[in-house]
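Now for the letters of each chain:
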Amino acid sequence: MISMYQFARPLLHLLDAEDAHQATIALLKFFPRLKASPDPPDLCVKTLGLSFPNPIGLAAGFDKDAEVFEAMLKLGFGFVEVGTLTPKAQPGNPRPRAFRLTPDRGVINRYGFNNHGHAPARARLEHYRQSGIIGVNIGANKDASDRIQDYVAGIEAFATVASYFTINVSSPNTPGLRDLQEPKMLTELLARAIEMRNKQNLYKPILLKIAPDLSHAQLDDIVRIARMRRVDGMIVSNTTLARPTMLKSPYRKESGGLSGAPLFTASTQILAQTYLRVEHQFPLIGVGGIDSPERARMKIEAGATLIQLYSALIYEGHELIQKIKDDLSKTLQREGITLSQLTGRKAKHLAQR
């Protein structure tokens, strides 16, 4: 039987990448929603003080304004991360700003944190009454005079509705944003964000999302500060500014962050390197280039307690979620192990690739 995605993909791929994304959001909002099969108990992950029904999450960037998070949970994701959200609405960078690299199964985007601001997203999240896990990815407005204060405002705005927070200092599409990964700025940012979190009545985990384009020395500093400031976890990694030589698409020279299959090797290597540096002090979420059950498993073996998808949905559709679940369950049963025993077991090897 032809799937919903197999039917829709040729039509969506006739559109500009951003128009196709907006059409997908509209379809998810107004058409009947599928219901995924129940998750097997062996895929439940207890981490960050939360109980995830399965380890597969939707990465930030898909549901920027918290419009379809409930639909995505019903498609089988174990958690959804909305955003990136900034205090004020902003249009982002000029179009065109998203490009499908179809021969490479990748995407380049230079959106620039386009979103409608905190207030509309918070209102939608306040109306959600189910038990799904919804992370909120927060960022800074391009024109902010105090970018750190924008992150603090995000913690305050979503404190009662977020399951966890992601501090996004690693997008390459807002000029100067990655400067917040430098030691002095990162130390201040985490201190102020955690201070605001601690003022709230409800404790919500704070995760730090980093870039894949880091030197060993930079990664050493970031992990040291994250451990010192006692963040609850890290997400590895965001999109890359690098352009692997094997790219074939005519869009390969477009500026912006590269995601999808071409990002897999670099993001998995830095994930493994981060895992070894963290020394089990907090969990990691692995993201970047997961487009098959085998790659999902490799992310976990590199050190990810949880994983996230986004770009692969463009090429594989939502059926990929169930394929990954089936593969993970079979692997655990075949080897007689748990997900926690799978996590990081090949980190030393993958860190050196």
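Scroll up to find the structure this text is about.
Residues numbered from 1 in each chain as written. Predicted model: local features only at pLDDT ≥ 70, side-chain atom pairs only at ≥ 80, totals over all residues. Heavy atoms only, no water.

Colleague: So what about the sheet that holds strand E8 (residues 164–168)? Which residues, and what values?
Modeller: Read once around its circumference, the closed barrel built from eight strands follows the order E3-E4-E7-E8-E9-E10-E12-E13, with strand pairing classed as parallel. Ignoring strand direction, the axes of neighbouring strands in this sheet form an average angle of 25°. Packing against the sheet, helix H6 (residues 183–199) makes contact with E8 and strand E9 (206–210), and its axis sits at approximately 155° to E9. (Pairing = 2+ DSSP bridges. Helix = DSSP H or I, 4+ residues; strand = E, 2+ residues; numbered from the N terminus. Axes fitted to C-alpha atoms, helices over the stretch in contact; angles between N-to-C directions. Contact = heavy atoms within 4.5 Å.)

Colleague: Outline the packing of helix H8 (residues 264–278) against helix H9 (residues 293–302), supporting the account with residue identities and numerical values.
Modeller: Contact pair H8 / H9: the axes reach a minimum separation of 8 Å and the direction vectors enclose 25°. Considering their axes alone, H8 and H9 lie roughly parallel with respect to each other. Contacts between H8 and H9 involve Phe264, Ser267, Thr268, Leu271, Ala272 and Tyr275 from the former and Arg295, Met298, Lys299 and Ala302 from the latter. A breakdown of the residues in the contact of H8 with H9 according to their chemical character gives six nonpolar, two polar and two charged. (Parallel < 35°, antiparallel > 145°, perpendicular 65-115°, else oblique. Nonpolar A, V, L, I, M, F, W, Y, C, P; charged D, E, K, R; others polar.)

Colleague: I'd love a proper account of helix H4 (residues 118–126), names of residues and values included.
Modeller: Among the residues of H4, those classed as buried are His118, Ala121 and Leu125. Axial view of H4: buried residues confined to an arc of 80°, hence all on one face. (Buried < 20%, exposed > 50% of the residue type's maximum accessible area, 1.4 Å probe, protein only. Arc of directions from axis to C-beta.)

Colleague: For the packing of H9 against helix H11 (residues 319–335), give the residues involved together with the corresponding values.
Modeller: The interhelical angle for the contact between H9 and H11, taken along N-to-C directions, is 60°, at an axis separation of 9 Å. Classified by the interaxial angle, the pair formed by H9 and H11 is oblique. As for the relative orientation of H9 and H11, their crossing is right-handed in sense. Residue-level contacts link Pro293, Ala296, Arg297 and Ile300 of H9 to Leu320, Lys323, Ile324, Asp327, Leu328 and Thr331 of H11. Considered class by class, the residues forming the contact of H9 with H11 number six nonpolar, one polar and three charged. (Left-handed = near helix turned anticlockwise from the far one by under 90°.)

Colleague: Give a detailed account of the sheet that holds strand E11 (residues 257–260), specifying residues and quantitative values.
Modeller: Strand pairing in a sheet relies on backbone hydrogen bonds. The paired strands run either parallel or antiparallel. Reading across the sheet, the three strands line up as E5-E6-E11 and stay open at both edges, with antiparallel pairing between neighbours. Edge positions in the sheet fall to strand E5 (98–101) and E11, since each has one partner strand and no second. This sheet shows a mean twist of 20° between the axes of neighbouring strands, independent of strand direction. Pairing between strand E6 (residues 106–109) and E11: four bridges, direction antiparallel.

Colleague: Tell me about helix H7 (residues 216–228), and please be specific about residues and values.
Modeller: The end-to-end C-alpha separation of H7 is 18 Å, in line with the 18 Å expected for 13 residues at 1.5 Å each. Within H7, burial applies to Leu219, Ile222, Val223, Ile225 and Ala226. Summarising the axial view, the buried residues of H7 lie within an arc of 165°, below the 170-degree limit, and thus occupy one face. Looking at the buried positions of H7, the neighbouring elements they touch are H6, E9, strand E10 (233–236) and H8. In the stretch just after H7, Arg230 is the one whose phi turns positive, near 60°. (Expected span 1.5 Å × (residues − 1).)

Colleague: Tell me about the pattern of salt bridges, and name the residues and values.
Modeller: Under the criterion given, the structure shown has 22 salt bridges. Between Asp19 and Arg95 there is a salt bridge, and its shortest N-O distance comes to 2.9 Å. Here the residue Asp19 occupies a position in helix H2 (residues 17–30), and Arg95 occupies one in the loop between strand E4 (79–85) and E5, the gap between them amounting to 76 residues. The exposure class of Asp19 is partly exposed, given its relative accessible area of 31%. Here Arg95 falls in the partly exposed class, since its relative accessible area comes to 41%. When the shortest N-O distance is used, the salt bridge between Asp39 and Lys325 registers 2.7 Å. Linking Asp39 in the loop between H2 and strand E1 (45–47) with Lys325 in helix H11, this pair joins segments that are 286 residues apart in sequence. Using a relative accessible area of 26% as the deciding quantity, one classes Asp39 as partly exposed. In this structure Lys325 comes out as buried when scored by relative accessible area, which is 2%. Connected via shared salt-bridge partners are Asp16, Glu18, Asp19, Arg95 and Arg97. (Salt bridge = Lys/Arg side-chain N within 4 Å of Asp/Glu carboxyl O.)

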